[in-house]
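# Chain and residue survey
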Amino acid sequence: MTSDRQREPELALPRQTVQRELSGSTRSMAVVAHQDDDLYFMNPLLVNQMRHSQRHVTVCLTAGEADGRNAPAGSEAHAALPVNFEGFAAARFNGLRRAYGEMVLGDRDAEWRRDAITVGPGIEADLSTLVDAPGIQLVSLNLWCTPPPGSPGGAGSLQHLWTGEATVTPTMVPLGSPVSGSFGYSRESLIGALLHLLRDVEPTLLWTMDPDPDRQLHDKANPQHADTGDYSDHIAHTVTGLFAHEAAQRWFADGGGKDTSVEAFRGYYVRRWPSNLSPEARAVKQRYKDIYGWADGLPADGPVGRGDRKVGGDAIGAGNASGTTLRYPGSPAWSASDANGRLSAFAVRGGQVVHWQQTDTGAFCPGRELGGAGFLPHVVALTAADGGWRLFTVRQELAAEPERHVRDICTTVLPAATGDTDVRWESLGNPAGPDDPSERRHLGMPHAVPLPGGGVLLLVRNADKGLSCRLHDGTSWTQWQDLGGRDIQDGLTAVALDDHVVEVFAAARTGTARWLISVPDLTAGYAVLETEAPAGPPAVTRLPDGERLLLFRRRDSASVLSYRTRGAGREWDLSTAADLGGHGGPGPLTVRYVPRAGAVLLAVRDDASGSSVAWWDPDVSTPCRWFREATPITGGHAVQVDGSGCPVVLAVSTAGGLRVSRPEPNGSSVNSMKEVP
């Protein structure tokens, strides 16, 4: 890592300096609904990921034909254009190829090769390969969003194909496509096509759309826009996420994807919350979206045009893509120590929990699978009373019928003895309960706090966007209990103030939501601290004098803002706000006080999807000195102190390995991360 005071790595590199820095065996795949979904919802992370992947394939399910007119709705140009669905779909793909050429090679006019490939029995798809970077490919399945007159009987949209209300969705042949004709997808053949591509690409990183969007109240302050019903996203995004997750689960069940991390990106949800990206990152996102939108004013070079003029004038900062947000934001507590101070780390690969354990030498052993299946990318790890670990994760089961969906929190106690393979997962259910299947999908990701005597307080955001909990008293679990609160983002943090009070925080609409929970009676006081509105999940840590620090990303700048308590930690002093700088990005902040250094160590997944790390003296309210490592990661970091008292920063790479670094408080850089498979 290099210091940003020496050199600030640019996201938008000048054309002549764009290079692909290939990392190990990283292979990535993104599955989207429309030609611009990755540019709006996955960028700017996508830029860095493609530059580091040996192979990257983006799969677009639909033709995105809209109304067939390549002009902004309501404009004079729109009114003058004839309807040309095949032409507009082709223009959108032209724009996407131009954006990818610029992102990867710095050349929006880079050459692409077009081929028809087989993705199932008698079914072809359109494959585009970037000639000067052949590891970069686009696959277009070209399903009609709205099947046209004359479609086969039982034809319907992608949504109805998922639910079984339609038996087939036909494909379009956009102008210039190399495919030989139109095809029809059934529910099973579409899943089969995605399975075919997963087996071909063998991605170590799979990016999808959000399969579980939040509910959204639409009113004057929050117009409907392109949201579907009372959700915070377009139904095609949601169903694309469901199809991608179903295909991935089948691939994993067949033994594939042992090293694969899966991440889901929120869609139109992001316009409702403050941006978690730096201004520079939003400018990068704007730049590539504008290339896709043919906003450069170049003359048409063919009959359909260079891009999608419907979005050519969209401003990223005020619209659908001001931020980039993960549906499952990851846990900052996925590492824990044993009784001897040796560290363990846990992550989900291939739908299973994987365990890396530190040896007496300080190195980590290769990861081992802990059994189970269908887990979402989130693990919480606590040190158990017997020196082992108690783990929490979330199990996902998908089905066409809404009432058969499952999103349940699961737990296990892993013995300290290495090599024990008899891992049994216990379901703790879901605050929504079995009688409300539609709300089960709106489960947040869990957080857990250890209590005296082997007790655990389990916390989770519920479907009403408040807080629910269960308590384990060392013997058994209580039932789910609603602790109130409202309209919070996912991503909880908590700290035990003493044996009987736990303090919990979440990002609220106008400030920071705070609960003081009394244990064991599980009563809670709820209030919103009048901080700035956080742009993502907060973090909290305790200082040696009993004071606490609260940190989160600032809106618009996405730098890290810190507050602290005063008076032995009794009250939060909002006048202590300190801007620590930083580089924005998705997922949780991770923070820990390191006694040996006498300073706080922060780690974030930044807005290039790499690692940003900083040391901070909490008695000095000046920006931190941040260091950046460009190699993309998944989820967030774990910051630990090992048995020797040395700080350790952990992350999971996009190749599926555990990246380990030991930052030096007084160094000019952070030593390179070493990777353990």
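Right above here is the structure, for reference.
Residues numbered from 1 in each chain as written. Predicted model: local features only at pLDDT ≥ 70, side-chain atom pairs only at ≥ 80, totals over all residues. Heavy atoms only, no water.

## Here's the deal with the overall build of the protein chain
- Scanning the protein chain from terminus to terminus reveals nine helices and 38 strands.
- Relative to the 2.2 N^0.38 estimate, which gives 26 Å for 677 residues, the radius of gyration of the protein chain is 24 Å and therefore close to what a compact globule would have.
- For the C-alpha atoms alone, the extent of the protein chain along its principal axes is close to 70 × 55 × 50 Å.
- In the protein chain, which comprises 677 residues, the share counted as buried stands at 61%.
- Put simply, of all contacts in the protein chain between residues at least 6 apart along the chain, 58% involve residues at least 24 apart.
- Roughly 23800 Å² of accessible area belongs to the protein chain as shown, and the carbon and sulfur atoms make up 50% of that amount. (Helix = DSSP H or I, 4+ residues; strand = E, 2+ residues; numbered from the N terminus. Rg over C-alpha atoms; globule rule 2.2 N^0.38 Å. Buried < 20%, exposed > 50% of the residue type's maximum accessible area, 1.4 Å probe, protein only. Contact = heavy atoms within 4.5 Å. Areas by Shrake-Rupley, 256 points an atom, 1.4 Å probe, with all protein chains shown as cover.)

## Quick notes on helix α7 (residues 235-253)
- A rise of 1.5 Å per residue sets the reference length of α7, with its 19 residues, at 27 Å; its end C-alpha atoms lie 27 Å apart and thus fit the reference within 8%.
- Positive phi appears at Gly255, one or two residues downstream of α7, with a value of about 100°. (Expected span 1.5 Å × (residues − 1).)

## With respect to the packing of aromatic side chains
- This structure, assessed with the given rule, holds 13 aromatic pairs.
- On the numbers, 5.6 Å between centres and 75° between planes, the contact of Phe41 with Tyr268 is edge-to-face. Of this pair, Phe41 sits in helix α1 (residues 37-42) while Tyr268 sits in the loop between β10 (261-265) and α8 (279-292), and the two are 227 residues apart along the sequence. Grouping residues by exposure puts Phe41 and Tyr268 together as buried.
- Note on Phe505 and Trp572: the rings are 5.6 Å apart at their centroids and 90° apart in plane angle, and the pair reads as edge-to-face. Highlighted residues: Phe505 in strand β24 (residues 501-507) and Trp572 in strand β30 (residues 571-579), separated in sequence by 67 residues.
- Take Phe505: its relative accessible area is 0%, and that puts it in the buried class.
- Using a relative accessible area of 10% as the deciding quantity, one classes Trp572 as buried.
- Here the aromatic cluster, defined as three or more aromatic residues joined through ring pairs, consists of Tyr40, Phe41 and Tyr268.
- Above the plane of the ring of Trp294 lies Arg309, whose end atom (NZ or CZ) is 3.6 Å from the centre.
- Just above the ring of Phe88 sits the side chain of Lys310; from NZ or CZ to the centre is 5.4 Å. (Phe/Tyr/Trp six-rings, centres within 6.5 Å; stacked < 30°, edge-to-face > 60°. Lys NZ or Arg CZ within 6 Å of the ring centre and 35° of its normal.)

## Observations concerning the sheet that holds strand β2 (residues 27-32)
- With mixed pairing, the seven strands of this open sheet are ordered in space as β4-β5-β6-β3-β2-β9-β10. Looking along the sheet, the strands with just one partner apiece sit at the ends: β4 (112-120) and β10. Between one strand and the next, the sheet's axes are offset by a mean angle of 20°, whatever the strand orientation.
- Note: strand β3 (residues 55-62) against strand β6 (residues 136-143), six bridges, orientation parallel. Within β6, the position partnered with Cys60 by the bridge is Ser140.
- The strands that α7 touches are β2, β3, β9 (205-209) and β10; relative to β9, the one it contacts most, it runs at about 150°. (Pairing = 2+ DSSP bridges. Axes fitted to C-alpha atoms, helices over the stretch in contact; angles between N-to-C directions.)

## Observations regarding the packing of helix α6 (residues 187-201) against α7
- Contact pair α6 / α7: the axes reach a minimum separation of 9 Å and the direction vectors enclose 60°. It follows from the interaxial angle that α6 and α7 lie oblique. Both α6 and α7 take part in a crossing whose hand is right-handed. Judged by residue contacts, Arg187, Glu188, Leu190, Ile191, Leu194, Leu195, Leu198 and Arg199 of α6 engage Phe243, Ala244, Glu246, Ala247, Ala248, Arg250 and Trp251 from α7.
- The residue inventory of the contact of α6 with α7, partitioned by class, reads 10 nonpolar, no polar and five charged. (Parallel < 35°, antiparallel > 145°, perpendicular 65-115°, else oblique. Left-handed = near helix turned anticlockwise from the far one by under 90°. Nonpolar A, V, L, I, M, F, W, Y, C, P; charged D, E, K, R; others polar.)

## Some words on the sheet that holds strand β23 (residues 493-496)
- Strands sit in the order β23-β24-β25-β26 across an open sheet of four strands; the sheet is antiparallel. Each having just a single partner strand, β23 and β26 (523-529) make up the two edges of the open sheet. Here the average twist between neighbouring strands, direction ignored, is 20°.
- Where strand β25 (residues 512-518) and β26 come together, seven bridges link them in antiparallel fashion. Paired with Trp515 across the two strands is Tyr526, which belongs to β26.

## Some thoughts on the pairing of β10
- Of all five residues that make up β10, five are buried, and the element is covered over most of its length.
- On β10, burial covers both faces: Ser261, Glu263 and Phe265 on one face and Val262 and Ala264 on the other are all buried.
- Both β9 and β10 contribute to a ladder of five bridges, which runs parallel. Across the sheet, Met209 pairs through a bridge with Phe265, a residue of β10.
- Traced from β9 through α7 to β10, the parallel crossover comes out right-handed. (Right-handed = clockwise from strand over helix to strand, strands pointing away.)

## Considerations on the packing of helix α4 (residues 85-105) against α8
- At a minimum axis separation of 7 Å, α4 and α8 run at an interaxial angle of 140°. With respect to α8, the element α4 is oriented oblique. The two elements α4 and α8 cross, and the hand of that crossing is right-handed. Across the interface between the two elements, Arg92, Gly95, Leu96, Arg98, Ala99, Glu102 and Met103 of α4 pack against Arg287, Tyr288, Ile291 and Tyr292 of α8.
- Residue composition of the contact of α4 with α8, by class: six nonpolar, one polar and four charged.

## Notes on the pattern of salt bridges
- Enumeration according to the criterion identifies 45 salt bridges in this entry.
- In this structure, Glu401 and Arg404 form a salt bridge, with 2.9 Å as the shortest nitrogen-oxygen distance.
- Overall, the relative accessible area of 31% leaves Glu401 in the partly exposed class.
- Judged by relative accessible area, Arg404 falls into the exposed class, the value being 52%.
- Note that Arg564 and Asp619 form a salt bridge whose closest N and O atoms lie 3.5 Å from each other. Separated by 55 residues along the polypeptide, Arg564 in strand β29 (residues 560-566) and Asp619 in the loop between β33 (611-616) and β34 (625-629) bring together distant segments of the chain. (Salt bridge = Lys/Arg side-chain N within 4 Å of Asp/Glu carboxyl O.)

## Focus: the environment of Leu161
- Tracing the chain through its elements places Leu161 in helix α5 (residues 158-163).
- On the basis of relative accessible area, Leu161 is assigned to the buried category, the value being 0%.
- In this structure, Leu161 is in contact with Leu143, Ala166, Thr167, Val168, Thr169, Tyr185, Ser186, Arg187, Leu190 and Phe243, ignoring residues within four places of it in sequence.

## Focus on the side chain of Arg553
- Along the chain, Arg553 turns up in strand β28 (residues 548-553).
- Of the buried charged residues, Arg553 lacks a salt bridge, with Asp607 as the closest side chain of opposite charge at 7.7 Å.
- Of note is the side chain of Arg553, whose polar atom sits 3.1 Å from the backbone oxygen of Gly585.
- A polar atom in the side chain of Arg553 sits 2.9 Å from the backbone oxygen of Gly587. (Lys, Arg positive; Asp, Glu negative; His and termini not counted. Polar contact = N/O pair within 3.5 Å; in protein donor to acceptor, adjacent residues only side chain to side chain.)

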